[in-house]
Structures are given as C-alpha cells and as structure tokens.
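What the coordinates show
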Amino acid sequence: MRVVKWLLWVCWLLLLTAGASASGTAAEPTPAPPPPADVLVPLAAAEPLASDPADTETAMPTAEPTPGLIPSPTPMPVTLQLSPLPLAPKEVPTHRPTAHPRETQHVPVLMYHHIAIPPENADAIRLDLSVPPASFEEQMAYFAAQGYHAVKPADVYDAVVGGKPLPSNPIVFTFDDGYDDNYLNALPILKKFNFTGTFYIPTGLLARPGYMTWEQIALLEKSGMDIESHSVTHPSLKGKTADFIRREAGQSKRALEAALGAPVQFFCYPAGAYDKTTIQVLQELGYLSATTTQAGAWQKPDEPYQWPRVRIHGKDRVSDVAQRVRTLAGAAK
Ligand SMILES: [Zn+2]
C-alpha cells in the first residue's frame with residue numbers, strides 16, 4: 001500500500017505542477033503538501049490492485065499463489081496434494097504381502113460327525129461316526145494345551161489366495177450333517193476352550209428327529225460358530241447333471257444365507273463325492289472352496305475345491321488324534 005500512496009502522491013504533485021504550467025504562472029517552490037487523506041481513504045478500502053504483487057501477497061496470508069502469477073495451467077500444489085493419497089494405504093502391508101500372495105497352507109481340517117455316545121443298537125458306521133463327549137473334550141483340551149488356534153475355512157482361504165496371515169498353529173474343526181448332538185454336546189465344549197467350529201448343514205434334513213432345528217443353527221452362529229453348506233438332501237454329487245447339483249448346492253446356500261443373514265461360500269461334498277461338473281457348478285454359484293473326505297492336511301491355491309481333511313473316528317484315543325494330525329500336517333503334497 002505504501003507504493004500506491006507514493007504513486008498517488010507523485011501524480012497529485014504532477015497534476016499541480018501541470019496545472020500551474022498551463023495557467024502560465026511561474027512555478028513557485030511549493031512546500032510539500034500533506035498527503036491527500038480524502039483521496040487515499042476510498043482507495044485504501046478498494047480491492048487490491050491486481051498489478052501490484054506486493055499488495056496481492058499481503059492480502060493472501062495462506063501463501064496460496066495468485067492464479068495470474070502461475071504460468072502453468074495445472075497448478076503444482078494441487079498435483080502434489082493428490083499424488084500421495086494412493087501411496088499411503090493403512091492396511092495393505094498387514095493383510096496383503098505382495099511377495100507370495102498365493103501359498104499352499106498346511107492347516108489340519110478335522111472331520112467330526114456325531115459328538116455323542118452311540119445308541120446301543122448302533123451299527124459299525126454309526127459307532128465310527130460317534131465321538132463320545134468325554135473323548136471330544138479330551139481332544140479339545142489337548143489342542144488348547146498345544147497352543148492351537150481354531151480358524152474358519154474363510155481364514156484358510158484368505159491365507160491361501162490372499163496371503164493373509166493365520167494365527168500360530170491354526171486348525172479347523174468341522175462337523176458334518178447337522179446332528180442335534182452338535183448343538184447339545186459339541187457347542188458347550190467348543191465354547192469352554194474358546195474354539196470356533198464349522199458346521200456343514202444339509203438344509204433339507206433340519207428339524208427331523210436327530211437333526212438340529214433352524215433355531216439351533218441360528219444360535220450356533222450367534223455363538224461365533226461357522227455355518228456352511230452340505231447340500232439340501234445329502235445326495236452324492238458325483239455323475240449328476242449340472243441342474244441337479246445347482247438345486248442341491250444352490251438352494252442350501254440361499255436358505256442358509258436367508259436364515260442367517262450372512263454369506264455362505266464354503267461347501268462340503270456329501271459322502272465326499274464330486275467330479276468336474278460339481279466343481280464347475282460350485283464355482284458358478286459363488287462358492288469359494290469345498291472340503292472332501294480325502295485324508296490330508298494341505299490347501300493348494302490351484303485346488304480350492306479339493307481340501308482334504310483329517311477324519312476322527314469314534315474309538316480314537318486323544319493320542320491317536322494327535323498322531324494323525326502330526327503325520328498328515330507334516331506330509332507335504
Ligand atoms: Zn455328510
């Protein structure tokens with residue numbers, strides 16, 4: 001503003017001098033007049049002059065450059081503010097290491113059926129499928145003491161295809177067929193050891209004698225358990241048409257999702273039977289992975305629909321279970 005005042009002061013002097021010259025009056029040495037306050041006041045209140053860089057800078061304390069001073073059509077500060085944003089992600093380093101995003105895992109997936117004392121008239125199959133609650137509790141106590149952490153198929157899948165870290169000593173406990181003893185006997189023991197379990201449900205068998213109800217399925221899920229699909233009526237899905245498989249695997253998925261309000265993306269083949277068509281239909285329906293009854297403890301990135309499992313027999317002692325898990329988990333495919 002000093003420059004402006006000075007310029008106005010000079011102009012005013014020049015006008016006075018010119019006026020004197022025009023009137024023909026000899027120019028007397030004129031004492032410097034006081035600054036024209038009446039003229040300066042309205043000017044000071046006016047907008048800063050665009051041609052005066054000093055005033056413009058003073059009027060913009062944020063140091064934001066005046067558009068007229070920047071030769072480039074794209075102001076640099078804007079570019080610099082935008083570019084760092086994609087380079088500052090918060091979760092990428094933790095969840096998705098880029099070095100080896102797809103790795104074979106060796107997580108034991110244990111396969112249980114009944115957690116119950118078998119009836120007196122039980123045949124050999126029923127005896128083999130029935131783990132007494134006391135034995136089951138002993139097995140869970142063993143895995144807890146050994147520092148195992150129960151995870152869900154989704155956790156294993158994320159580790160295999162996305163490199164997401166698993167806890168130390170991961171293990172999956174699965175329960176096939178939706179028997180009511182799963183709710184009555186397995187759930188309290190799993191909760192006692194703070195373990196989660198995955199329950200494969202044939203939805204068409206629910207509420208029949210010996211099977212869980214829909215209400216019990218919902219309670220399992222509310223207790224932190226994982227509910228996944230085991231078809232509708234538990235048929236073999238090997239050698240069947242795509243439409244047949246689509247009905248069994250699709251209706252079960254939709255029924256569970258509607259009842260639980262959560263996605264169901266993991267499947268278990270009834271009786272472990274499947275073929276290429278089964279896998280194609282599962283993929284088409286949005287299933288990410290499936291478990292078989294083949295013995296093993298590995299999950300390969302290129303075989304998401306063929307996860308083997310560790311079968312637990314009714315007569316197994318805890319030492320048998322421990323030995324089988326160690327052997328299969330140590331056997332690389
Ligand atoms: Zn089954």
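These numbers were taken from a predicted model, which means no experiment stands behind them. (Residues numbered from 1 in each chain as written. Predicted model: local features only at pLDDT ≥ 70, side-chain atom pairs only at ≥ 80, totals over all residues.)

Turning our attention to the overall build of the chain. The helix and strand tally for the chain stands at 13 helices and 10 strands. A total of 333 residues make up the chain; the buried ones form 31% of that total. Taking all contacts inside the chain whose residues are at least 6 apart in sequence as the whole, residues at least 24 apart take part in 64%. (Helix = DSSP H or I, 4+ residues; strand = E, 2+ residues; numbered from the N terminus. Buried ≥ 20, exposed ≤ 12 C-beta atoms within 10 Å, placed from the backbone. Contact = placed C-beta atoms within 7 Å.)

Okay, the pairing of strand 7 (residues 226-229) next. Each regular strand carries side chains that alternate between the two faces of the sheet. Side-chain alternation along strand 7 places D226 and E228 on one buried face and I227 and S229 on a second face that is also buried. Of the strand pairs in this sheet, strand 6 (residues 198-201) and strand 7 are connected by 4 bridges, and their pairing is parallel. Across the sheet, Y200 pairs through a bridge with E228, a residue of strand 7. Handedness of the crossover joining strand 6 and strand 7 through helix 10 (residues 214-222): right-handed. (Pairing = 2+ DSSP bridges. Right-handed = clockwise from strand over helix to strand, strands pointing away.)

The subject of this paragraph is the packing of helix 11 (residues 242-260) against helix 12 (residues 276-285). Orientation of helix 11 relative to helix 12, taken along the N-to-C sense of each, is 40°, at an axis distance of 9 Å. Comparing their axes, helix 12 and helix 11 come out oblique. Judged by the twist between their axes, the crossing of helix 11 over helix 12 is right-handed. Contact residues: A242, I245, R246, A249, G250 and K253 in helix 11; T277, T278, V281, L282 and L285 in helix 12. Along the lines of polarity and charge, the residues of the contact of helix 11 with helix 12 split into 6 nonpolar, 3 polar and 2 charged. (Axes fitted to C-alpha atoms, helices over the stretch in contact; angles between N-to-C directions. Parallel < 35°, antiparallel > 145°, perpendicular 65-115°, else oblique. Left-handed = near helix turned anticlockwise from the far one by under 90°. Nonpolar A, V, L, I, M, F, W, Y, C, P; charged D, E, K, R; others polar.)

Here the chain shows a mean pLDDT of 79. Residues at 70 or above account for 69%. Here residues 6-99 scores under 50 on pLDDT; set against residues more than four positions off or in separate chains, the count is 36 contacts. (pLDDT = per-residue confidence, 0-100.)

A word on the environment of V107. Its location among the elements puts V107 in the loop between helix 5 (92-95) and strand 1 (109-112). Judged by the 20 C-beta atoms lying within 10 Å of it, V107 falls in the buried class. Remark: the alpha-carbon pair of V107 and A297, spanning 190 residues in sequence, is separated by 5.7 Å. Those residues in contact with V107 that sit more than four places away from it in its chain are V156, P170, I171, V172, A297 and Q299.

In this fold, K164 is placed in the loop between helix 8 (153-162) and strand 5 (170-176). For the pair formed by K164 and R102, sequence separation is 62 residues and the distance between their alpha carbons is 9.5 Å.

Turning to the packing of helix 7 (residues 133-145) against helix 13 (residues 318-330), a few remarks are in order. Helix packing geometry: the angle between the two helix axes and the distance between the axes. Where helix 7 contacts helix 13, the axes come no closer than 9 Å and their chain directions differ by 45°. It follows from the interaxial angle that helix 7 and helix 13 lie oblique. Judged by the twist between their axes, the crossing of helix 7 over helix 13 is right-handed. Note on element contacts: helix 13 touches helix 7 through V318, V321 and A322, opposite E138, Q139 and Y142. Its residues assigned to classes, the contact of helix 7 with helix 13 shows 4 nonpolar, 1 polar and 1 charged.

Turning our eyes to something else, we now look at the pairing of strand 5. Counting buried residues in strand 5 gives 7 out of 7 residues, a clear majority hidden from the surface. In strand 5, alternate side chains face the same way, and those of P170, V172, T174 and D176 on one face and I171, F173 and F175 on the other are all buried. As paired elements, strand 4 (residues 149-150) and strand 5 share 2 bridges and run parallel to each other. Among the inter-strand pairings, A150 is bridged to a residue of strand 5, identified as I171.

With that settled, consider unusual backbone geometry. One non-glycine residue, N169, lies in positive phi territory at about 45°. Structurally, N169 can be placed in the loop between helix 8 and strand 5. Residue N169 is classed as partly exposed on the basis of its 15 C-beta neighbours within 10 Å. Unusually for a residue other than glycine, H234 sits at a positive phi of about 65°. Take H234: there are 19 C-beta atoms within 10 Å of it, and that puts it in the partly exposed class.

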